[in-house]
Amino acid sequence: MSIISLGIVGGGQLGSLIATAAKKLRIKTVILCDDKNAPGKIFCDEFIYGGYEDKAILNLFLEKVDVITYEFENIPFETLNYLNNNKKVNPSPKINRIVQNRMYEKDFINKCNIRTTIYDQIKDKEQLKYSSNLIPGILKTCTMGYDGRGQHKINSVEDIDRLNIDFKIDYILEKMVNLKKEVSVIITRYGHQQYEIYEPIENLHEDQILKNSKIPADISEDLSQKAIDWAGTIAEELGYIGTMCVEYFIDQNDNLYVNEIAPRVHNSGHLTINAYNVSQFENHVRSICNLERIKLKKLSNAKMINLIGNDIKIYRNKKLNDGEFFYDYMKQEIKEKRKMGHLTILVN
Ligand code: ADP
Ligand code: MG
């Protein structure tokens with residue numbers, strides 16, 4: 001059966017960019033979102049507004065779509081599972097359940113014999129105070145964090161009393177890595193040992209939010225190959241279908257660690273829209289809709305600049321140079337620390 005209607009849960013910038021890629025492939029898109037002003041409604045064919053736990057809304061969505069995907073990992077498992085019992089959801093809700101919890105995620109990666117930062121689950125303040133082997137470290141909520149939200153830097157035991165930490169939530173404490181660089185690898189898996197992998201992307205974060213990405217990453221051939229191999233192993237072990245991203249840390253001694261897995265298209269891969277023959281979004285749509293897999297070809301080196309908060313205003317009226325591509329996510333309100341759009345620049 002050829003897929004004619006793709007359901008996307010979530011209508012932020014990632015959902016919008018998936019819808020745009022689907023449109024290019026002549027696939028109809030229906031976005032379901034719990035924010036009635038989500039920008040996705042401008043980019044899709046049909047927009048359904050409603051809560052992710054509302055069965056009537058989910059049933060309405062199910063009626064309109066042939067296959068389903070989602071734009072971010074924080075969608076309740078029950079929602080994805082309910083949808084998956086009726087229409088195929090990719091990536092599988094089972095995978096999302098692992099990856100949406102930092103603790104399960106890191107346990108899983110270590111079971112694959114792949115290095116992560118050292119970490120421990122933190123239940124209460126006392127335990128945190130006795131975790132001095134992990135301090136300086138970063139305390140992160142096990143679930144629901146993104147763009148640095150839900151994180152506290154713990155530089156010393158004294159910090160713990162000073163910070164207002166709500167211990168009703170589960171946390172992990174991760175030892176701080178002395179970072180030399182951060183890179184990510186985006187991979188689209190179509191089936192057993194069938195992948196398209198993009199070359200590692202070098203990422204620069206400011207205040208725990210991605211600021212710039214570029215290819216090629218300035219790392220050794222060895223590290224590059226290892227990052228690619230680990231991404232392949234993780235995708236295969238997860239039985240993943242679709243596009244995913246593995247975020248890595250490289251420390252001052254050139255040790256590679258997996259930071260986290262994003263079970264979805266990823267901000268660092270936005271430059272693939274202009275720098276490759278097939279973008280991470282198109283690859284995602286192709287794999288989940290069972291379309292032809294096209295061998296990846298890099299067209300150009302590139303860098304991507306995230307436009308955060310008021311940065312967007314400058315670009316809304318700016319004339320672009322050759323090789324520059326501006327994307328406005330069309331969010332209704334400009335907020336500080338919020339990703340509003342991005343600029344990709346092709347470089348030789
Ligand atoms: P999010 O889910 O918000 O993206 P991350 O765990 O990826 O959370 O953290 C965001 C950023 O914070 C990372 O990309 C990195 O720059 C910094 N960071 C997070 N954990 C560590 C760590 N253990 N050591 C050093 N830097 C870290
Ligand atoms: Mg991250």
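Everything in this summary refers to the structure shown in the same document. (Residues numbered from 1 in each chain as written. Chains lettered and ligands numbered in written order. Predicted model: local features only at pLDDT ≥ 70, side-chain atom pairs only at ≥ 80, totals over all residues. Heavy atoms only, no water.)

1. A few points about the sheet that holds strand β7 (residues 137–141)
Within a sheet, adjacent strands bond to each other through the backbone by hydrogen bonds, running parallel or antiparallel. Put simply, the rule is: Here, strands pair whenever DSSP counts at least two bridges between them. What counts as a helix is a DSSP run of H or I of at least four residues, what counts as a strand is a run of E of at least two, and both are numbered from the N terminus. Axes, fitted as lines to C-alpha atoms, cover a helix only where it is in contact. Angles between the N-to-C directions of the axes lie from 0 to 180 degrees.
One open sheet accounts for four strands, arranged β6-β9-β7-β8; its pairing is antiparallel. Both outer strands of the open sheet, β6 (119–122) and β8 (151–154), are each paired with one neighbouring strand and no more. Averaged over all adjacent pairs, the angle separating strand axes in this sheet is 25°, with direction ignored. Relative to strand β9 (residues 171–175), β7 is paired through five bridges, and the arrangement is antiparallel. Paired with K140 across the strands is I172, a residue of β9.

2. Section: the packing of helix α3 (residues 55–64) against helix α4 (residues 77–84)
Put simply, the test is: Angular relationships are summarised with four words: roughly parallel below 35 degrees, roughly antiparallel beyond 145, roughly perpendicular across 65 to 115, and oblique for the angles in between. Each crossing gets its handedness from the near helix: less than a right angle anticlockwise from the far helix is left-handed, clockwise is right-handed. Whether two residues touch is decided by their heavy atoms; if any such pair falls within 4.5 Å, the residues are in contact. Side-chain classes follow a simple rule in which Ala, Val, Leu, Ile, Met, Phe, Trp, Tyr, Cys and Pro form the nonpolar group, Asp, Glu, Lys and Arg form the charged group, and the remainder, Gly included, forms the polar group.
Between α3 and α4, the shortest axis-to-axis distance is 10 Å and the interhelical angle comes to 40°. With respect to α4, the element α3 is oriented oblique. Here the hand of the crossing between α3 and α4 comes out right-handed. Facing α3, whose interface residues are K55, L58, N59, F61 and L62, α4 presents T79, Y82 and L83. Looking at side-chain class alone, the contact of α3 with α4 contains five nonpolar, two polar and one charged residues.

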